[in-house]
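# Observations on the model geometry
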Amino acid sequence: MSSIELTPSQKKILRALTNLHKESEAAIKGEDIAEQVDRNPGTIRNQMQSLKALQLVEGVPGPKGGYKPTASAYEALEIQQMDDPASVPLEHEGEPVEDVIVEEIDLSSVHHPELCRAEIHMQGSMGEISEDDEVIVGPTPLSKLVIEGRVDGKDDTNNILILRIEDMTAPTEEPAH
């Protein structure tokens, strides 16, 4: 558990940095982060100074410079870094979504079919996904669970999609584990 308390704005900027860095592994320009979080590049530069002071970000000088997240940044966001994470497919409007990692699926209100929701915690950009879009998650590695639903909401700060579940299936045979 991280002892660093980040503001929602810092969290959102740091999350955008880690998502962009995951895609390219290069230093990320402040302008790219600003575009991702819909903020002014000057605001991003100011926030990066405070994130550098907290040792969550390192600045990379030069023309190919920008910012890189430190290991502490991933801890502060409670992002698990794995060399080879299990792949859980995610489809948006019938198309596979690349460059995202489904970290966790939380089910809520399963006892109430009309209110059944799934929180999909993920790494990567959720920028193209909008409310009421169709999303399919799965199959998961062990149970082969597949969840189909519509986006009920998004938490960009914590990278969580909230789905209204329309269908949930898992095979009935014994899992091979």
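Residues numbered from 1 in each chain as written. Predicted model: local features only at pLDDT ≥ 70, side-chain atom pairs only at ≥ 80, totals over all residues. Heavy atoms only, no water.

Helix and strand content of the protein chain: four helices and nine strands. For the protein chain, the succession of helices and strands along the chain, N to C, is α-α-α-β-β-α-β-β-β-β-β-β-β. A total of 177 residues make up the protein chain; the buried ones form 38% of that total. When contacts within the protein chain are restricted to residue pairs at least 6 apart in sequence, those whose partners lie at least 24 apart make up 54%. When the accessible surface of the protein chain is summed, it comes to about 10,300 Å², and 46% of that surface belongs to carbon and sulfur atoms. (Helix = DSSP H or I, 4+ residues; strand = E, 2+ residues; numbered from the N terminus. Buried < 20%, exposed > 50% of the residue type's maximum accessible area, 1.4 Å probe, protein only. Contact = heavy atoms within 4.5 Å. Areas by Shrake-Rupley, 256 points an atom, 1.4 Å probe, with all protein chains shown as cover.)

Strand order in this open sheet of seven strands is β4-β3-β7-β8-β9-β6-β5, and the pairing throughout is antiparallel. At either end of the open sheet lies a strand with only one pairing partner, and these are β4 (95-96) and β5 (101-108). As paired strands, strand β3 (residues 90-92) and β4 are joined by two bridges and run antiparallel to one another. Among the inter-strand pairings, Glu 91 is bridged to a residue of β4, identified as Pro 96. (Pairing = 2+ DSSP bridges.)

This part covers the pattern of salt bridges. Counted according to the given criterion, the structure contains four salt bridges. Between Arg 150 and Glu 166 there is a salt bridge, with the nearest N and O atoms lying 3.5 Å from each other. Here Arg 150, found in strand β8 (residues 146-155), pairs with Glu 166, found in strand β9 (residues 160-169); they are 16 residues apart in sequence, far enough to count as distant. Connected through shared salt-bridge partners, Arg 117, Asp 132, Asp 152 and Arg 164 make up one network. (Salt bridge = Lys/Arg side-chain N within 4 Å of Asp/Glu carboxyl O.)

Within the fold, Ala 27 resides in the loop between α1 (8-24) and α2 (30-37). Its relative accessible area of 16% is what places Ala 27 among the buried residues. Counting along the chain gives 31 residues from Ala 27 to Glu 58, while the straight-line C-alpha distance between them is 9.3 Å. Beyond its immediate chain neighbours, meaning those up to four positions away, Ala 27 contacts Val 60, Lys 64, Gly 65, Gly 66, Tyr 67 and Lys 68.

Once that is clear, we can look at the pairing of strand β6 (residues 117-123). Taken across its seven residues, β6 has six buried, putting it largely inside the fold. When β5 meets β6, the two strands line up antiparallel, connected through seven bridges. Looking across to β6, one finds that Ile 101 is bridged to Gln 123. Note: β6 against β9, five bridges, orientation antiparallel. By the bridge assignment for β9, Glu 119 is matched with Ile 162.

This part is about helix α3 (residues 41-53). Under the 1.5 Å per step criterion, the end-to-end length of α3 is 19 Å for 13 residues, consistent within 8% with the ideal 18 Å. Those residues of α3 that fall on the buried side of the exposure criterion are Gly 42, Ile 44, Gln 47, Met 48 and Leu 51. Here the buried face of α3 lies against α1, α2, β1 (57-60) and β2 (66-69). The N-capping residue of α3, defined by a side-chain oxygen 2.6 Å from the backbone nitrogen of Gly 42, is Asn 40. (Expected span 1.5 Å × (residues − 1). Polar contact = N/O pair within 3.5 Å; in protein donor to acceptor, adjacent residues only side chain to side chain.)

Another point: the confidence of the model for the protein chain. Taken over all residues, the pLDDT of the protein chain has a mean of 83, while the share at 70 or more is 89%. Predicted confidence in the protein chain is weakest over β5, with a mean pLDDT of 81, and strongest over strand β7 (residues 134-137), with 92. (pLDDT = per-residue confidence, 0-100.)

Let us now look at α1. Here α1 spans 25 Å end to end across 17 residues, near enough to the 24 Å set by a 1.5 Å rise per residue. Residues of α1 that are buried include every one of Ser 9, Gln 10, Ile 13, Leu 14, Arg 15, Ala 16, Leu 17, Thr 18, Asn 19, Leu 20 and His 21, and no others. Glu 25 lies just past α1 and shows a positive phi near 65°.

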